[in-house]
Every structure is written in structure tokens, then in C-alpha cells.
Amino acid sequence: MTARPALDAQRLRADFPIFEQKIHGKPLAYLDSAASSQKPRQVLDTVRDFYETSYANVHRGVYTLSEKATAAYEGAREKAREFVNAPAARELIFTRSATESINLVAYAWGLDNLGPGDVALVTELEHHSNFVPWQYIAKRTGAEFRMLPIDDHGELRLDELDELAGGGRMKVVAANLVSNSLGTVNPVARLSSWAHERGAIMVVDAAQGAPHHRVDVQELDCDFLAFSSHKLCGPTGAGALWGRAELLERMAPFNLGGHMIRQVRLEETTWGELPYKFEAGTQPIAEVVGFGAAMDYVAEVGLDAIAEYESALAAYALERLAEVGGVTTYGPPAERRAGIVSFNVEGIHPHDVAQVLDSEGVAIRAGHHCCQPLMARLGVAATNRASFYLYTLPDEIDRLVEGLYKARKILG
Ligand SMILES: Cc1ncc(COP(=O)(O)O)c(C=O)c1O
């Protein structure tokens, strides 16, 4: 890689204790950050410190420790607000994952707002998390479920939108910001404006986008945006949903139980204010606090620097993979993709490729990446996928390529 990187991945790597170990006697080359990212010491220390000094259940206690825990938890909400540039912190709801965030919208908005004659539109690039909930709720409500196709570069066919809208009332458009399978960066702001022209809402799955690109819900002009802690250097078990207050206020709750109520009587229960109406039960408190620390960490590295660095890594990976004979890569050119490269090696099953690479200490993913409709479009059952983050070194891409030569020699 010749371009001078805007961030120093070698220096950042020192923050991640996981890289201190060897795998099969080789340094760990972790090329699976799209599945889940590794965690820096700053996040691990925050979670440990929170448990050791400030842990209690939040919101309910009048004692000092509960107030401390509540301040840390609500502090994370403010960090999430700032991270996606939302107008108000009460529009940010903590969930357990991006999947739960999308299900919240599909159930709590979809069940009351979709019906016969309405259309829910997703894209061929969706992760099952933003595909199956809409398909299911459409079926339950009698709405139509349609899919915007991609072209041969793995980019959305925006030219097909108007035709797809024909003969139905477009009610919701759901799309990811970055495809977890091909790395395609989708033109979500254009989709939002198209959706709004038709009176539909725009739901953005930013599980893959938020860790790697600056996200601004006001610029995207979307209505809901889901993201996740564990792909963003934070703990598992925590996610976030941003939604427009006017929509969230009109929606029924998703989970019911403690903490989300105003008053409970035998005859009727009334709901609490935003965001608590959507945060039933004990939340993943320490995980959310760790999520806050992760957003601080990533923001300090700089999302523009991360995006630029990953794009350079993707370009380098595409260039190096092209040198290995019999490798097919999928997706758009590097300048329109995040740090994700899916590929297949002719005649070798992706799982076998991944196994040979593991013996070299190189961790990549093999499978359908929770994108079966996309795999069908590509005409494959599975691909290999290498994905990068702020701690990825070009040298690890070289090791990936060397591993592929070895796989071809052994299995090809
Ligand atoms: C694009 C995309 N959407 C949604 C998800 C699901 O996120 P979570 O694991 O937080 O439920 C993933 C995870 O792989 C993803 O890549």
C-alpha cells in the first residue's frame, strides 16, 4: 500500500490486547471485523471500572451508587446522540443489538402502519436482520414485500425504483448504509428523499455503516437508524435505535414490563416518556456504558480517517487478490466500498479456504453472511469475506494472499 494512511493502525493496534497472542504460532491477522470488531483497552477498562466502582441498577434508586450508574448510562445516550448527530437524546433507544432495533421498528411501527395495498421495500443487499422482519410483518399485515435489485457491480438499481413503486402505496423503505457482504456504500440520502416523496418512511440499517463512516441522521434525512456496539469496538449485547420523536411517540411499545410504564392499573396501563417507553426491563447497563466508551474511541480516531483508510485497504486487497489466479471478487470498485472484500477461489469451497487461512493465523469468514437473497443473485451458496478495521495492517492482506496461494497448492 503506497498511499500515506490518515491513521496509524500500527499504533492503534497496541490498544487491543487480543493481538498479543499467537494463533497456530503465528501473529493473529483478524480479518473478520464486519462480523464483530475487537475491543480496545479503553473500552475494557471502562466496563471493568464501571462494575468495580459504579454498578447498580439505573433510574430506580435514590441512593448514590444508582445515581452514579444512571449518570454513566445516560451519558452513553448523549454520546450516541452526538455520534449520529441526532437532534435529541430522547430519540435514542438502547437495545440489545441492531437486529433488535430493526425488529422494534418492524413490529411497533409496522404492525400498526402496514396493511393490504401497502408496500414494504428492502434491497437485495440486505442482511437478514433488515430483510426477514419486513418480510414477516408484511405477510402478517397483508402488505406487499418488494426488493430493489442490484447491478453486476453490487450497487443498487435506483433506476428501477419508480417501476417498483407501481400499483401499491409505498410505506417503508429499508436499506443498509454499507453492505456487510460486498462493502457497497449505499446512497441512503437519495433513497430517503425518494421514500419521502412517496410518503414512505426510511429505515436505515447502519450496523455496518456506523463503525466505518461518519453517520449523520439529519444529513441522511432518514426516519429510523439502527446500529450496534459490538461492531464498533464495544461490548456485545448492546445496540441503539435512533428514531424521529414524532414517530416514536405515536408508536406502541415493543417490549412490555417494568420501567417502560407511567401507570399500571387493572383496567389499563399507560406508557412512559421517550426513550423509556421502549426500554423495558433491566437494560444491558455495563454494555451500554462500554458502548459509550467505544463511540468515544472511534470518534477520537476519526470516522473520516477510518473510512479513508479502509477504502485504501480495500483497494490494496482487490489489487493483491487479482494477482492470485482463479479468484473472483464481488462488489463495487474500492472508491465506492467500505473495507469489505468478498471473493471465491475457483474449485475450493469457502470453508476449506478459511480453514487453510486459519492454519496461517489469518481469520476470515466463509458462508452466506446472512445474505441468502444476495448469494442467490451472485449465483453462489457462499463466499469468503475479508473485512478490515482501524487496526488492520496491509501486511495482513499480504498474509491473506500468501494463504490463498497455499490453499490453491493444497486443494486446488
Ligand atoms: C448489515 C448488518 N445489519 C445487521 C446486522 C446485525 O447486527 P447485530 O449483530 O447487532 O444484531 C449485521 C451483523 O452482521 C450486519 O452486518
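All of the points below concern the structure found in this document. Everything numeric in this text was worked out from a predicted model, so none of it was measured.

**Digging into the packing of aromatic side chains**
This structure, assessed with the given rule, holds 15 aromatic pairs. Look at Phe-83 and Phe-227: their rings are 6.2 Å apart centre to centre, the planes differ by 20°, and that puts the pair in the stacked class. In this pair, Phe-83 is assigned in helix H3 (residues 64-83) and Phe-227 in strand S9 (residues 224-228), connecting sequence segments 144 residues apart. Residue class for Phe-83 comes out buried when judged on its relative accessible area of 10%. Among the residues examined, Phe-227 registers a relative accessible area of 0% and is labelled buried. Over the ring of Phe-19 we find Arg-13; its NZ or CZ atom is 4.0 Å from the centre of that ring.

**Looking at the sheet that holds strand S5 (residues 118-123)**
Sheet architecture is open: seven strands sit in the order S4-S10-S9-S8-S7-S5-S6, paired in mixed fashion. On the outer flanks of this sheet lie strand S4 (92-95) and strand S6 (144-148), each paired with one strand and no other. For this sheet the average axis-to-axis angle between neighbouring strands, irrespective of direction, equals 20°. One ladder, built from four bridges, connects S5 with strand S7 (residues 169-176); its direction is parallel. Directly across from Val-119, in S7, lies its bridge partner Met-170. Contacts from helix H6 (residues 132-141) reach S5, S6, S7 and strand S8 (201-205), with the element oriented near 150° to S6.

**Some remarks on the site of the ligand**
Taken together, Ser-97, Ala-98, Thr-99, His-127, Ser-129, Asn-180, Asp-205, Ala-207, Gln-208, Ser-228, His-230 and Lys-231 are the residues near the ligand. Within the side chain of Gln-208, one N or O atom sits 2.6 Å away from an oxygen atom of the ligand. Side-chain polar atom of Lys-231 to an oxygen atom of the ligand: 2.5 Å apart, as the coordinates give it. Relative to its free-state accessible area of 400 Å², the ligand is covered by the protein chains to the extent of 89%.

**Observations concerning the nonpolar core**
Formed by 106 residues in total, the largest nonpolar core has its most connected members in Leu-225, Phe-227, Val-298, Phe-343 and Leu-390. If you tally residues by element for this core, the top one is helix H11 (residues 285-301), at 11 residues. If we skip the residues at most four places from it in the chain, Leu-225 touches Val-84, Val-204, Ala-206, Val-215, Val-217, Leu-220, Ala-240, Leu-241 and Trp-242. Listed in part, the 28 residues of the second largest apolar core include Ile-93, Val-105, Leu-114 and Leu-241.

**Quick notes on the pattern of salt bridges**
Tallied over the full model, the rule gives 29 salt bridges. The partner of Glu-100 in a salt bridge is Arg-96, and the shortest N-O contact between them spans 3.9 Å. What emerges from the salt-bridge pattern is a single network uniting Lys-26, Glu-360 and Lys-406.

What counts and what doesn't
Residues numbered from 1 in each chain as written. Predicted model: local features only at pLDDT ≥ 70, side-chain atom pairs only at ≥ 80, totals over all residues. Heavy atoms only, no water. Phe/Tyr/Trp six-rings, centres within 6.5 Å; stacked < 30°, edge-to-face > 60°. Helix = DSSP H or I, 4+ residues; strand = E, 2+ residues; numbered from the N terminus. Buried < 20%, exposed > 50% of the residue type's maximum accessible area, 1.4 Å probe, protein only. Lys NZ or Arg CZ within 6 Å of the ring centre and 35° of its normal. Pairing = 2+ DSSP bridges. Axes fitted to C-alpha atoms, helices over the stretch in contact; angles between N-to-C directions. Contact = heavy atoms within 4.5 Å. Near = heavy atom within 4 Å. Polar contact = N/O pair within 3.5 Å; in protein donor to acceptor, adjacent residues only side chain to side chain. Areas by Shrake-Rupley, 256 points an atom, 1.4 Å probe, with all protein chains shown as cover. Core = buried A, V, L, I, M, F, W, Y, C linked by side-chain atoms within 4.5 Å. Salt bridge = Lys/Arg side-chain N within 4 Å of Asp/Glu carboxyl O.

Geometric descriptors of this kind do not, in isolation, establish any biological role.
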